Structure formats: C-alpha cells, structure tokens
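Listed below, chain by chain, are the residues.
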Amino acid sequence: MRRLLYIGLAFLGISCNSDKDEYTPIPDATENPKLEFIVPSNFPEPTYDFTLNPPTEKGFELGKKLFYDGKLSSDGVISCGFCHLQDFAFTHHTHIVSHGVDGALGTRNAQPLHNLAFMKEFTWDGAVAHLDKQPIVPITAEVEMNETFASILKKLENEPEYVKLFAEAFTDQKINTENMLKALSQFTVMMISADTKYDKIERNEGSVFTEEEQAGFDLFSAKCASCHEGTLFTDQSYRNNGLPIDPEYNDIGRKRVSGLETDIYKFKVPTLRNVRLTFPYMHDGRFFTLRQVLDHYSDGMVDHETLDPIFKDLENNTVVGIPMTDTEKEQIIAFLETLTDDDYINDNRFSEF
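Residues numbered from 1 in each chain as written. Predicted model: local features only at pLDDT ≥ 70, side-chain atom pairs only at ≥ 80, totals over all residues. Heavy atoms only, no water.

Asker: What is the right way to read the side chain of Gln236 from this model?
Answerer: Mapped onto the secondary structure, Gln236 falls in the loop between α8 (211–223) and β5 (238–239). Classification of Gln236 by relative accessible area gives buried; the value is 13%. A distance of 3.2 Å separates the side chain of Gln236 from the backbone oxygen of Phe118, its partner in a polar contact. Residues within four places of Gln236 in sequence aside, it is in contact with Phe118, Met119, Lys120, Glu121 and Lys268. (Helix = DSSP H or I, 4+ residues; strand = E, 2+ residues; numbered from the N terminus. Buried < 20%, exposed > 50% of the residue type's maximum accessible area, 1.4 Å probe, protein only. Polar contact = N/O pair within 3.5 Å; in protein donor to acceptor, adjacent residues only side chain to side chain. Contact = heavy atoms within 4.5 Å.)

Asker: Explain the packing of helix α4 (residues 149–157) against helix α6 (residues 177–188) here, please?
Answerer: Relative placement of two packed helices is described by the angle separating their axes and the distance separating the axes. Interaxial distance between α4 and α6 falls to 10 Å at its minimum, and their mutual angle equals 85 degrees. As summarised for this structure, α4 and α6 are arranged roughly perpendicular, according to the angle between their axes. Residues Phe149, Ile152, Leu153 and Leu156 of α4 form the contact with α6, whose own contacting residues are Thr177, Met180 and Leu181. (Axes fitted to C-alpha atoms, helices over the stretch in contact; angles between N-to-C directions. Parallel < 35°, antiparallel > 145°, perpendicular 65-115°, else oblique.)

Asker: How should I be thinking about the nonpolar core in this particular structure?
Answerer: Grouped burial of nonpolar side chains is what soluble globular proteins tend to show. Grouped together as the largest cluster of nonpolar side chains are 52 residues, with contacts concentrated most on Leu62, Leu66, Leu72, Phe166 and Met180. Breaking this core down by element, the ones donating at least two residues are β4 (37–40), α1 (57–67), α4, α5 (160–169), α6 and α12 (342–345). Counting residues per element, this core draws most heavily on α6, at five residues. Here Leu62 is in contact with Tyr162, Leu165, Phe166, Ala169, Phe170 and Ala183, once residues within four sequence places are set aside. Ranked by size, the runner-up nonpolar core spans 27 residues in total, among them Tyr198, Leu272, Tyr281 and Phe311. (Core = buried A, V, L, I, M, F, W, Y, C linked by side-chain atoms within 4.5 Å.)

Asker: Would you mind showing me how to read the packing of α8 against helix α11 (residues 326–336) here?
Answerer: For the pair α8 and α11, interaxial distance at closest approach is 7 Å and the crossing angle is 100 degrees. On the basis of the axis angle, α8 is roughly perpendicular to α11. Seen from α8, the contacting residues are Glu212, Glu213, Ala215, Gly216, Phe217, Leu219, Phe220 and Lys223; seen from α11, they are Glu328, Glu330, Gln331, Ile332, Ala334, Phe335 and Leu336. A per-class count over the contact of α8 with α11 returns eight nonpolar, two polar and five charged. (Nonpolar A, V, L, I, M, F, W, Y, C, P; charged D, E, K, R; others polar.)

Asker: When you look at the packing of aromatic side chains in this model, what are you seeing that I'm missing?
Answerer: Both the distance between ring centres and the angle between the ring planes are used here to describe each pair of aromatic rings. Considering all chains together, one arrives at 26 aromatic pairs under this definition. Relative to Phe311, the ring of Tyr297 has its centre 5.9 Å away and its plane inclined at 35 degrees; by these criteria the two rings are tilted. Here Tyr297, found in helix α10 (residues 290–300), pairs with Phe311, found in the loop between α10 and β7 (312–313); they are 14 residues apart in sequence, far enough to count as distant. Look at Tyr297 and you get buried, because its relative accessible area is 15%. A relative accessible area of 5% means that Phe311 is categorised as buried. By the ring-pair criterion, three or more aromatic residues cluster together here, those being Phe60, Phe67, Tyr68, Phe90, Phe187, Tyr344 and Phe350. (Phe/Tyr/Trp six-rings, centres within 6.5 Å; stacked < 30°, edge-to-face > 60°.)

Asker: What is the right way to read the pattern of salt bridges from this model?
Answerer: Within this structure, the stated rule accounts for 26 salt bridges. Across the pair Asp125 and Arg108 runs a salt bridge whose closest N-O atoms are separated by 2.9 Å. A residue pair is termed long-range when its members are at least 10 positions apart, and Asp125 in the loop between α2 (80–83) and α3 (136–140) and Arg108 in the loop between α2 and α3 qualify at 17 residues. Here Asp125 matches Arg108 in class, with each residue buried. A salt bridge links Lys182 to Glu178, with the shortest nitrogen-to-oxygen separation between them at 3.2 Å. One end of the pair, Lys182, and the other, Glu178, are both in helix α6, four residues apart, so they sit about a helical turn from each other. (Salt bridge = Lys/Arg side-chain N within 4 Å of Asp/Glu carboxyl O.)

Asker: What's the story with the environment of Glu45 in this structure? I'm lost.
Answerer: As for its position among the elements, Glu45 is in the loop between β4 and α1. What makes Glu45 partly exposed here is its relative accessible area of 47%.

Asker: Explanation requested: α5 in the structure shown.
Answerer: Given 3.6 residues to a turn, an α-helix orients residues that are three or four positions apart in the same direction. Listing the buried residues of α5 in full gives Tyr162, Leu165, Phe166 and Ala169. Taken down its axis, α5 places every buried residue within 95 degrees of arc, on the same side. Packed against the buried residues of α5 are α1, α4 and α6. (Arc of directions from axis to C-beta.)

Asker: Teacher, can you tell me more about the side chain of Asp199 here?
Answerer: Looking at the element boundaries, Asp199 is found in helix α7 (residues 197–202). For Asp199, a relative accessible area of 0% gives the class buried. Looking at Asp199, its side chain comes within polar contact range of the side chain of Thr196, at 2.8 Å. Among the polar contacts listed, one links the side chain of Asp199 to the side chain of Arg273, at a separation of 2.7 Å.

Structure representation (structure tokens):
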C-alpha cells in the first residue's frame, strides 16, 4: 500500500497587463495537471511542504530542462546533470570531487539525488535547509557553475521555448529566480527510489534475502544502523567518522556552517540507498569500493576530539571502530547491494534524452 499526498492545483483566473491595457489569460489548470507524489508505504512522511510548490506536469518538464541545461553555468557547459548522472544514481564516478567551469576543482564529492522530499537539510555540511534553495550553492560557486541568477534569467528570457515553458508552468508566467528554483524542485522532489529488493522484502511483496544477504542485514542492523537508520538509511545527523585529515582540502565540515569547534570534521551521514552505484565514497571521494569503506571502519580510523563516541572505548579512551571479520564485511556488502534500485536508474522520467 502507498500513501498519496494530495497536491492542490493553482486557481484559475486572469491577470491584467496595464501597459498594453489587455488581459493575459492565466494557464488553465486542466492544461497543467498536478503530479501525484506517492509516499511508499515503508517510508516516513515527507519534510518538503508541497502546498507551497505543488509539482505539475509543466513545472516538472521545465525543471527537467533546466536540470540538464548548461545555460545555468557561466561557460554554457556545466549543468546540474553534468555531476549528477542517472546511471550512477545521480552522482559522478569519473571525478573524485566535483569539476566545474573551465576544469575548476571543488573540494567535495557530488552527492546522489533521490528521496530529497524526505531530507531535512542538504549538502555535506547541511548549509542549505530547504530543497528550493539548494541549487543556489552549485550555481553560484566559482568552482562549480560560477554563474549569477541575473545572467541566467537574461539567457532564459531570450529563449522562446523557456518563455513558453515558464508561462505554462506558473500562473504569474514570469521568468524569475523564484520560479526557476521551484521548477528545479518540482523535478528533483519527484525522484523517489523505493523499489529495491530490500523494499520489496520490507513491504512483504514476495522477495526474500539469500542466506548471505540475511546475514549481512543482521550484521548491518547490529553494527551500522545506529547512524544509517530507518528506511532512508540515514539519521540525517552530522558525525566525525575518523577519517584521516586530507591536507589538500582540510575540509572542516559542519563547522563551516555552525562555527562551532564541536562540529569540526563532522559531515552528514549519507543515505546508503543505491550505494553500490554511488562511488567514490565519503565527502572527498577517497574510497572507491565498499570494501575500502568497511576496512576504514574496522581498522582505519584515527582519533580526534570530535570523533563520534560510538567509535571509541570511552573508559580507556581508545578508538575501537567497528570490529568486522573479512567474512562479515562480504556479508554486509551483499546486503548493501539489495539497496540498488534498477527501476529508478532506468526511469525515463528523469533521463536527459
């Protein structure tokens, strides 16, 4: 069973253009029907407020075109889809960290895009608290898209197709920053990944774990689920997981947002959905395989004053990590592979072409 969120339609009406002393009809809602946002029965309630930006067919179409359009960057090449590729659950394999205009290098790995409607904050350090505002970060960052919204809007206003799409998608028919960001959200908020083997088992839809997958699930529940909890496989907290500090970036993590010393080197716990496809791993893409990730947790952690207490023997003040045998690691990986959603990866609604 799935739960359906009712998404209202914009009211019908007309707007007056006093300069021309004529009336411009507002798009008929029947020509831009609402999209149904279906909450999977094993998922929590969304955090996104759909009443403020109800997805519609035309809004989704506009958001998709914007997502894949290089006009959102200063060089006309780098689009949102440049670093978020559907084949890899909307992340990027080729680059350890994001590549921007003129080959500029960022400092963080591109995060996968799915189930954004259920997330409370965005980016590795939680710098953005609302999905509608998230694109502002990559669009304006010098090492990413390096563009201004004023420049983007001028480019869009000169494109007849965009003039038409904005007019069809929004009742005010305006090409402006607010509508542009809302359109991008209408596209990305519909990216639901919920048809993995794990989901089918959790919803009693006929699938069953293999013996190795079941062993991995039991181990995962005991050793990993305190951070990667629930159906989203993240508690959405910020933690220091004992990574050696990379002198090239020296990324201070959550402290960059909060300013608190207690947040230094803490990063958001990522979702593990589609994790087989979303390498390289960690905020700086330092690990290329799941085995390397588990090796880090069992034997590679370094101590730090903000290291999460779950990785320490507090009585003896020593780092213990997560003890795992080689066999246990392979079993956990077998379970993690059940979190791959092939239907999502191949969903034509989200593809560029």
